[in-house]
Amino acid sequence: MSTQTAPLAAHVAVEPDTQKAAYAKVFWRIVPFLMLCYVVAYLDRVNVGFAKLQMSQDLNFSETVYGLGAGIFFLGYFLFEVPSNVILHKVGARIWIARIMVTWGLISGAFMFVSSAPMFYALRFLLGVAEAGFYPGIILYLTYWYPSHRRAKIIAIFMSAIPISGIFGNPLSGWIMDSFHGTSGLAGWQWMFLIEAIPAIAIGIAIYFYLDNGIRDAKWLSAEHKAVLEYEIAQEEKTKEGHHSVAGVFADKRIWLMSFIYFCFVMGQYALTFWMPTLVKATGVVGNFHIGLVSAIPFISAVIAMNLIGRSSDRHRERRWHLVIPALMGAVGFTVAATSTSTTVAIIFLSIAAAGAISCAPLFWSLPTAFLAGTGAAAGIALINSVGNLAGFVSPYLIGFLKDLTGSTQVGMYALAAILVAGAAAVLTTSPKLVNK
């Protein structure tokens, strides 16, 4: 069933206090909970970066094998992204997101049994299949509640889950690996996969009972608040010129431009999340727990930056330069961090890289959601996200391959800087009239 329904009233005289109260209720009911879901999701997606510190040695994995395994997740993700998001739009977020989380929790826990490269590849692929549709599903779900002029700030808050998962997840992963190593004959990385899979399953079950499919289903909203919220969404839908069919989305050149832009930005994001422990260790930091603590610093800077920039973008209703500047920050950060021999300097510029590259993703979604509507929005968001997230395959594999080839991560970091610059240039080809809403 579609979660979009006709507004409760053809016209609503919106009182500022009523509108403020309605959006406050929506925020506190769904956004912190969705953030928790994404923290758990992202941790299960990228904790392989920490597992690498022990697992690669235990199983004799080369840098290329690790990079390929880390990235192959996104092939499964790519293949099942669009159908998963279309299903979510039809059956509702409550059932489908619950299914996604429970499935990926079970598969994530199964990583404790990895004993060979083919098994590593197979489970990473299946994890991608299981998780397909979660992130674009949440972006789509937020369009059911928030009009575009409120969305950059909300998506930035939601996507703070990415750096938050790094702030807390990295030290947690390091602590589990150090503390549980050898317990019951299992390695630390095996315990990490097992323990960190449990929250996904538990929260997946909770979603079924907690999440509402849309405004109309929300029993915790008054009729007046529902009318105000639905009126704003209905008014925005009238201004959208996007296709309303799945086939139309595939033929829209703007969708492919958006996919390219997002691909460039995701390249930088996943380079940080998959390789941060390795990059920090290369600066001379010793011990998994200490590596985790130092790795948290760039993610703290990212949380601050992405929320400040998101608020500024909404306040000024300007999208393009609020994307270009963070992308260029990321490029500068990668370039300087790659050449530095000082731990302090490297962490400072990795923090700049994280603040820039990770901020790009939430800000990016203000572009396509400004013109996509209906089933076209479900398919379009999923298509952009699936194509863009192929960078999650390319990025770790490219850095691993170049590191094996050259013995250094420098060349890979320079390549990432160039790709972020290309993404920034592509943003400037979009129409301000189309996206600045």
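Definitions and limits used
- Residues numbered from 1 in each chain as written.
- Predicted model: local features only at pLDDT ≥ 70, side-chain atom pairs only at ≥ 80, totals over all residues.
- Heavy atoms only, no water.
- Helix = DSSP H or I, 4+ residues; strand = E, 2+ residues; numbered from the N terminus.
- Rg over C-alpha atoms; globule rule 2.2 N^0.38 Å.
- Buried < 20%, exposed > 50% of the residue type's maximum accessible area, 1.4 Å probe, protein only.
- Contact = heavy atoms within 4.5 Å.
- Areas by Shrake-Rupley, 256 points an atom, 1.4 Å probe, with all protein chains shown as cover.
- Lys, Arg positive; Asp, Glu negative; His and termini not counted.
- Charge placed at Lys NZ, Arg CZ, Asp CG, Glu CD.
- Patch = residues over 30% accessible without salt bridge, like charges linked within 9 Å, V, L, I, M, F, W, Y side chains within 5 Å.
- Salt bridge = Lys/Arg side-chain N within 4 Å of Asp/Glu carboxyl O.
- Phe/Tyr/Trp six-rings, centres within 6.5 Å; stacked < 30°, edge-to-face > 60°.
- Lys NZ or Arg CZ within 6 Å of the ring centre and 35° of its normal.
- Core = buried A, V, L, I, M, F, W, Y, C linked by side-chain atoms within 4.5 Å.
- Domains from an automatic or database assignment.
- Buried area = accessible area lost by both parts, 1.4 Å probe.
- Nonpolar A, V, L, I, M, F, W, Y, C, P; charged D, E, K, R; others polar.
- Expected span 1.5 Å × (residues − 1).
- Axes fitted to C-alpha atoms, helices over the stretch in contact; angles between N-to-C directions.
- pLDDT = per-residue confidence, 0-100.
- Parallel < 35°, antiparallel > 145°, perpendicular 65-115°, else oblique.

Undergrad: Is there a simple way to explain the overall build of the chain in this structure?
TA: If you tally the helices and strands in the chain, you get 19 helices and zero strands. Taken over C-alpha atoms, the radius of gyration comes to 21 Å for the chain, in line with the 22 Å a tight globule of 437 residues would show. Looking at the chain residue by residue over its 437 residues, the buried ones come to 61%. Long-range contacts, defined here as pairs at least 24 residues apart, represent 85% of the contacts in the chain between residues at least 6 apart. Accessible surface computed for the chain: about 15,600 Å², of which carbon and sulfur atoms make up 69%. With 28 positive and 21 negative side-chain charges, the chain shows a separation of 4 Å between the mean positions of the two kinds.

Undergrad: Mind showing me how you'd approach a nonpolar patch on the surface here?
TA: Together, Ile87, Val91, Ile95, Ile205, Tyr208 and Phe209 give the surface a local cluster of nonpolar side chains, amounting to about 550 Å² of exposed area. Contributions of two or more residues to the nonpolar patch are made by α3 (63–91) and α9 (188–210). Of all the elements, α9 adds the most residues to the nonpolar patch, at three residues. With respect to the helices and strands, the residue valine 91 is situated in helix α3.

Undergrad: Help me understand the packing of aromatic side chains, please; the structure alone is not making it clear to me.
TA: Geometrically, a pair of aromatic rings is defined through the distance of the ring centres and the angle of the planes. All chains considered together, the criterion is met by 26 aromatic pairs. Measuring from centroid to centroid gives 6.0 Å for tyrosine 141 and tryptophan 145, while their planes differ by 70°, and the two rings are edge-to-face. For the residue pair tyrosine 141 and tryptophan 145, the accessibility class agrees, reading buried in each case. What links up through ring pairs into an aromatic cluster is the set Tyr38, Trp104, Phe134, Tyr135, Phe158, Tyr262, Phe364 and Trp365. Its guanidinium or amino end placed over the ring of tyrosine 210, arginine 29 lies 4.1 Å from that ring's centre, counting from NZ or CZ. Of note, arginine 94 hangs over the ring of tyrosine 208, and the distance from its end group to the ring centre comes to 4.4 Å.

Undergrad: What exactly am I supposed to notice about the nonpolar core here?
TA: Soluble, globular proteins show a tendency: their nonpolar side chains are buried together. Of all hydrophobic cores here, the largest spans 149 residues; its most connected members are Phe134, Trp145, Phe265, Phe334 and Phe364. Sort the elements by how many residues they give to this core and helix α12 (residues 253–282) lands first, with 15 residues. Lining this core are residues from two domains, each supplying at least three of them: domain 1 (22–235) and domain 2 (248–436). In this view, phenylalanine 364 contacts Met258, Ile261, Tyr262, Phe265, Leu323 and Ile384; residues no more than four positions away in its chain are not counted.

Undergrad: Is there a simple way to think about the pattern of salt bridges in this case?
TA: Opposite charge on two side chains makes pairing possible when the charged atoms of those side chains draw close. This structure, assessed with the given rule, holds six salt bridges. For the salt bridge of lysine 403 with glutamate 63, the shortest nitrogen-to-oxygen distance reads 3.9 Å. Taken together, the residues lysine 403 in helix α17 (residues 391–406) and glutamate 63 in helix α3 connect sequence positions 340 residues apart. Across the pair arginine 254 and aspartate 252 runs a salt bridge, and its minimum N-O distance is 2.9 Å.

Undergrad: Is there a simple way to explain unusual backbone geometry in this structure?
TA: Within the chain, serine 184 stands out as a residue other than glycine whose phi angle is a positive 55°. As for its placement among the helices and strands, serine 184 is situated in the loop between α8 (161–180) and α9. The residue arginine 317 is not glycine, and still its phi comes out positive at about 50°. Inspection of the secondary structure puts arginine 317 in the loop between α13 (288–316) and α14 (321–339).

Undergrad: Please explain the domain arrangement of the chain as it appears in this structure.
TA: Where interface size is quoted, it is often the accessible area lost as the parts come together. Here the domain parsing of the chain yields domain 1 (22–235) and domain 2 (248–436). Spacing between the C-alpha centres of domain 1 and domain 2 amounts to 18 Å. In this assembly, 56 residues from domain 1 lie in contact with 55 residues from domain 2. Interface area, domain 1 with domain 2, both sides summed: about 4,600 Å², of which 70% is carbon and sulfur. When the area that domain 1 buries against domain 2 is broken down by residue, the three leading residues are Leu53, Glu63 and Phe74, summing to 12%. Along the contact surface separating domain 1 from domain 2 lie one salt bridge. Elements that contribute at least two residues to the side of domain 1 that touches domain 2 include exactly α1 (16–46), α2 (48–59), α3, α6 (134–143), α7 (148–159) and α8. When residues in the side of domain 1 that touches domain 2 are grouped by element, the largest group, 18 residues, is from α3. Within the side of domain 1 that touches domain 2, the residues separate by chemical class into 31 nonpolar, 15 polar and ten charged.

Undergrad: Mind showing me how you'd approach α7 here?
TA: For α7, which comprises twelve residues, the first-to-last C-alpha distance of 16 Å matches the rise-based estimate of 16 Å (1.5 Å per residue) to within 8%. Looking at α7, one finds that the buried residues are Ser148, Arg151, Ala152, Ile154, Ile155, Ala156, Ile157, Phe158 and Met159.

Undergrad: Got a minute to help me understand the packing of α17 against helix α18 (residues 410–427) in this structure?
TA: The geometry of a pair of packed helices is captured by two quantities: the angle between their axes and the separation between those axes. Between α17 and α18, the least distance of the axes is 7 Å, while the angle of their chain directions is 145°. Within the contact between the two elements, α17 uses Ser395, Leu398, Ile399, Leu402 and Thr406 and α18 uses Val411, Gly412, Ala415 and Leu416. Among the residues making up the contact of α17 with α18, the classes are represented as six nonpolar, three polar and no charged.

Undergrad: I'm lost on the confidence of the model for the chain in this one. Help?
TA: Per-chain confidence: the chain averages 85 in pLDDT, with 93% of residues scoring 70 or above. Confidence scores differ between elements of the chain, with helix α11 (residues 246–251) showing the lowest mean pLDDT of 75 and α9 the highest of 94. Low pLDDT, under 50, characterises residues 1–10; the predicted model gives this stretch 29 contacts beyond four residues in sequence or across chains.

Undergrad: What's the story with the packing of α7 against α8 in this structure? I'm lost.
TA: Across the interface, α7 lies against α8 with an axial gap of 5 Å and an inter-helix angle of 20°. One finds that α7 runs roughly parallel with respect to α8. Seen from α7, the contacting residues are Ile157, Phe158 and Met159; seen from α8, they are Ala161, Ile162 and Pro163.

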